[in-house]
2 protein chains.
Amino acid sequence: MKAQIVIIGSGNVGTHLARVLYSKGHNILQVFSRTLSKAEELAKKTEAEAIDDLSKIISSAELYIIAVHDDAIKTVSDQLNIKGLVTHTSGSVSTKVLDKHKRYGSFYPLQTFRKEKKSDWKKIPFCLDANKKKDLDFLEKVARSINDNVYFINSENRKKLHLSAVIVNNFVNHLIGVAKNLCDENDVPFEVLIPLLNETVKKATKNNPFDVQTGPAIREDKDTIKNHLQLLDEQLYRDLYKMISRSIAQTNFGRETKI
Amino acid sequence: MKAQIVIIGSGNVGTHLARVLYSKGHNILQVFSRTLSKAEELAKKTEAEAIDDLSKIISSAELYIIAVHDDAIKTVSDQLNIKGLVTHTSGSVSTKVLDKHKRYGSFYPLQTFRKEKKSDWKKIPFCLDANKKKDLDFLEKVARSINDNVYFINSENRKKLHLSAVIVNNFVNHLIGVAKNLCDENDVPFEVLIPLLNETVKKATKNNPFDVQTGPAIREDKDTIKNHLQLLDEQLYRDLYKMISRSIAQTNFGRETKI
């Protein structure tokens, strides 16, 4: 199938989506950005028309994908006068903000994008939703033209998924940063830890992580915890270490523990 | 080279080490466990003698590897009357606890082991230390018979490395558990998050994680943070979410932020 698509937004998500949809044979009719040069750059690569004025968006496309900042989605949507299916790509915004339109939904690729880096679209899951069954079928076809990791997730569950995504992406990244920082400050090679980190993720995704939890917190090994706290120079990271240790212990023992 | 080795301890680390050293052609002379049947099980697989009495440990081996719980290392070491090189496998205990012996050191494989699962020894880094240069050379040869990820790390730095290992292993595992728990409770398929998690780790290990940090905390996006906190049923995980978000923001802005 070949869908007629308008992409609204030329940031990371808009850029990556427009390019992969174009590469799969879909027609990218228009690309919108508030900055014309950005729209033009992407439009050139996708044989689309570049526009910087929402009123110029044509009404004949089948699918409109709004890929702008969360807090701008409603404003953008409200300015569109079209009949086609209007979707956004946000994990945390309800599709209800699009309900000015008769047909609306979610086209949410669950991945962290960087504009300058190619994305591995074979693995990126699509979380889809629509207020009409036939539109959901249509979104499924568009998503499946890219890969088969397709999930139907309503707005309420998508918000929980997004929260989980923040935990496994933003929070895990921060912890890796804290560990790297500690290594760098002490001339300990961080690379030593990479096999362990990879094994951790492998193990945690093949089991229930709570069942395979190890470490001083779950052993209530107060000496090691005390030693670790002394090694951390910053109060912030001592607080962080204590909080996560408390969370590990309390999750395991089902009661508060003094850490 | 073919080393004459005694393994003291038949837990996860002792078992995995004995078996890989045996497979690389070293002579495992004895295997010790307080539980004779455990020593026998491992001894059978490594053509070693099984013992459950520390006084029976022979004095003619070149290398003694103590792989017991951290708090038992000193007690075990103090009971040994031998001339060879005595090492332990702990990340957090100083080699000083072995200083009853003239020659002592560290033979620390940085990985999380499970007894029932084969370990990928090609990737597991060895962190070595010894109080005599020629013993360090000897340990290096033994380690290199397994793989070339060999590092020389003194006790002080090894403790910092161990703390970093707790962060990237135990703490990251816990966060993945919290995310999975949230998905399971809401019938959201956790598998949707696995590609994101893998990409997160890839990105964090190829960059400085603090430089590629994204998410609501670093954007000071209070609405999203508020929404996320409302989605978490347990006070424990709300506290955890707030603490990590505060740590992300403060690391980035270099000042306290209200989250």
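The rules behind each value
- Residues numbered from 1 in each chain as written.
- Chains lettered and ligands numbered in written order.
- Predicted model: local features only at pLDDT ≥ 70, side-chain atom pairs only at ≥ 80, totals over all residues.
- Helix = DSSP H or I, 4+ residues; strand = E, 2+ residues; numbered from the N terminus.
- Buried ≥ 20, exposed ≤ 12 C-beta atoms within 10 Å, placed from the backbone.
- Contact = placed C-beta atoms within 7 Å.
- Nonpolar A, V, L, I, M, F, W, Y, C, P; charged D, E, K, R; others polar.
- Axes fitted to C-alpha atoms, helices over the stretch in contact; angles between N-to-C directions.
- Parallel < 35°, antiparallel > 145°, perpendicular 65-115°, else oblique.
- Left-handed = near helix turned anticlockwise from the far one by under 90°.
- Pairing = 2+ DSSP bridges.
- pLDDT = per-residue confidence, 0-100.
- Domains from an automatic or database assignment.
- Least-squares fit on C-alpha atoms with pLDDT ≥ 70 in both.

1. Topic: the overall build of chain A
And step 1. Assigned secondary structure in chain A consists of nine helices and eight strands.
And step 2. On the principal axes, the C-alpha backbone points of chain A span a range of 70 × 40 × 30 Å.
And step 3. Across the 259 residues of chain A, 50% fall into the buried class.
And step 4. The long-range share in chain A, meaning contacts at least 24 apart out of those at least 6 apart in sequence, stands at 45%.

2. Considering the interface of chain B and chain A
And step 1. With 70 residues of chain B in contact, the opposing surface of chain A contributes 70 residues.
And step 2. Of all the elements in the fold, those that place two or more residues in the side of chain B that touches chain A are α5 (155–185), α6 (194–206), α7 (222–231) and α8 (235–253) of chain B.
And step 3. If you tally residues by element for the side of chain B that touches chain A, the top one is α5(B), at 24 residues.
And step 4. Its residues assigned to classes, the side of chain B that touches chain A comprises 41 nonpolar, 23 polar and six charged.

3. Let's talk about the packing of helix α5 (residues 155–185) of chain A against α8(B)
In a packed pair of helices, the relevant descriptors are the angle between the two axes and the axis-to-axis distance.
And step 1. Interhelical geometry of α5(A) versus α8(B) gives an angle of 60° and a closest axis separation of 10 Å. Relative to α8(B), the element α5(A) lies oblique. α5(A) and α8(B) meet at a crossing whose hand is left-handed. Contact residues: Asn170(A), Phe171(A) and His174(A) in α5(A); Ile244(B), Ser247(B) and Ile248(B) in α8(B).
And step 2. Across the contact of α5(A) with α8(B), the residue classes break down as three nonpolar, three polar and no charged.

4. Quick look at the sheet that holds strand β3 (residues 49–51) of chain A
Residue and element names in this part refer to chain A.
And step 1. Here we have eight strands laid out as an open sheet, ordered β3-β2-β1-β4-β5-β6-β7-β8, and mixed in their pairing. The open sheet has two edge strands with one neighbour each: β3 and β8 (150–152). For this sheet, the mean inter-axis angle between neighbouring strands, taken without regard to orientation, is 25°.
And step 2. The sheet contact formed by strand β1 (residues 4–8) and strand β4 (residues 63–66) spans four bridges and is parallel. Bridging across to β4, Ile5 finds its partner in Leu63.
And step 3. In the packing of helix α2 (residues 36–45) onto the sheet, contacts are made with β2 (27–32) and β3, and the angle to β3 comes to roughly 165°.
And step 4. Lying on the sheet, α5 is in contact with β6 (104–109) and β7 (126–130); it crosses β7 at an angle near 155°.

5. Thoughts on the confidence of the model for chain A
And step 1. Of the residues in chain A, 99% reach a pLDDT of 70 or more, and the chain-wide mean stands at 95.
And step 2. Confidence estimates for the predicted assembly give a pTM of 0.92 and an ipTM of 0.92.

6. Section: the sheet that holds strand β8 (residues 150–152) of chain B
The pairing of strands in a sheet happens through backbone hydrogen bonds and is either parallel or antiparallel.
All names here are of chain B.
And step 1. One open sheet accounts for eight strands, arranged β3-β2-β1-β4-β5-β6-β7-β8; its pairing is mixed. Here the strands that pair on one side only, and so sit at the sheet edges, are β3 (49–51) and β8. Shown here is a sheet whose adjacent strand axes are inclined to one another by a mean of 25°, direction ignored.
And step 2. Pairing of strand β2 (residues 27–32) with β3 involves three bridges; the strand directions are parallel. Across the sheet, Phe32 pairs through a bridge with Ile51, a residue of β3.
And step 3. Against the sheet, helix α4 (residues 133–144) makes contact with β4 (63–66), β5 (85–88), β6 (104–109), β7 (126–130) and β8, and its axis sits at roughly 160° relative to β7, the strand it touches most.

7. What to know about the domain arrangement of chain A
Many structure descriptions define interface size as the accessible area lost when the parts assemble.
All names here are of chain A.
And step 1. Domain annotation of chain A identifies domain 1 (4–153) and domain 2 (158–253).
And step 2. Placing the centre of domain 1 and that of domain 2 at their C-alpha centroids yields a distance of 36 Å.
And step 3. Across the contact, nine residues belong to domain 1 and six residues belong to domain 2.
And step 4. In terms of residue class, the side of domain 1 that touches domain 2 is made up of four nonpolar, four polar and one charged.

8. Some words on the relation of the copies chain B and chain A
Each of the two chain copies can be brought onto the other by rotation about an axis and movement along it.
And step 1. Each copy of the sequence occupies a distinct position, and chain B is placed on chain A by a rotation of 180° and an axial shift of 0.0 Å, giving an RMSD of 0.0 Å. Viewed as a symmetry operation, the transformation between the two copies matches a two-fold axis. Among all residues of chain B, the minimum C-alpha distance to the rotation axis is found for Val172(B), at 3.0 Å.
And step 2. A shared binding surface is used by both copies, with 100% of the interface residues of chain B retained as interface residues in chain A.

9. With respect to the environment of Val172(A)
And step 1. Structurally, the position occupied by Val172(A) is in helix α5.
And step 2. Placed 87 residues apart in sequence, Val172(A) and Leu85(A) show a C-alpha to C-alpha distance of 36 Å.

10. Some remarks on the environment of Val212(A)
And step 1. Inspection of the secondary structure assignment puts Val212(A) in the loop between α6 (194–206) and α7 (216–219).
And step 2. The exposure class assigned to Val212(A) is partly exposed, which follows from the 15 C-beta atoms found within 10 Å.
And step 3. Placed 94 residues apart in sequence, Val212(A) and Lys118(A) show a C-alpha to C-alpha distance of 34 Å.
And step 4. Setting aside chain neighbours within four positions, we find Val212(A) in contact with Lys203(A), Ala204(A), Asn207(A) and Asn173(B).

11. Details of unusual backbone geometry
All names here are of chain B.
And step 1. In this model, Glu47 sits at a positive phi of 50°, which is unusual for a non-glycine residue.
And step 2. The class of Glu47 is exposed, set by 10 C-beta atoms lying within 10 Å.
And step 3. In this structure, Glu220 takes a positive phi of about 50° despite not being glycine.
And step 4. On the basis of neighbour counts, which here come to 15 C-beta atoms within 10 Å, the residue Glu220 falls in the partly exposed class.

12. As for the pairing of β6(B)
All names here are of chain B.
And step 1. A large share of β6 lies buried, amounting to six of its six residues.
And step 2. Burial along β6 is two-sided: Tyr104, Ser106 and Tyr108 facing one way and Gly105, Phe107 and Pro109 facing the other are all buried.
And step 3. Bridging between β5 and β6 involves three bridges; their strand directions are parallel. Residue pairing across strands places Thr87 opposite Gly105, the latter belonging to β6.
And step 4. The pairing of β6 with β7 spans five bridges and is classified as antiparallel. Of the residues in β7, the one forming a bridge with Ser106 is Asp129.

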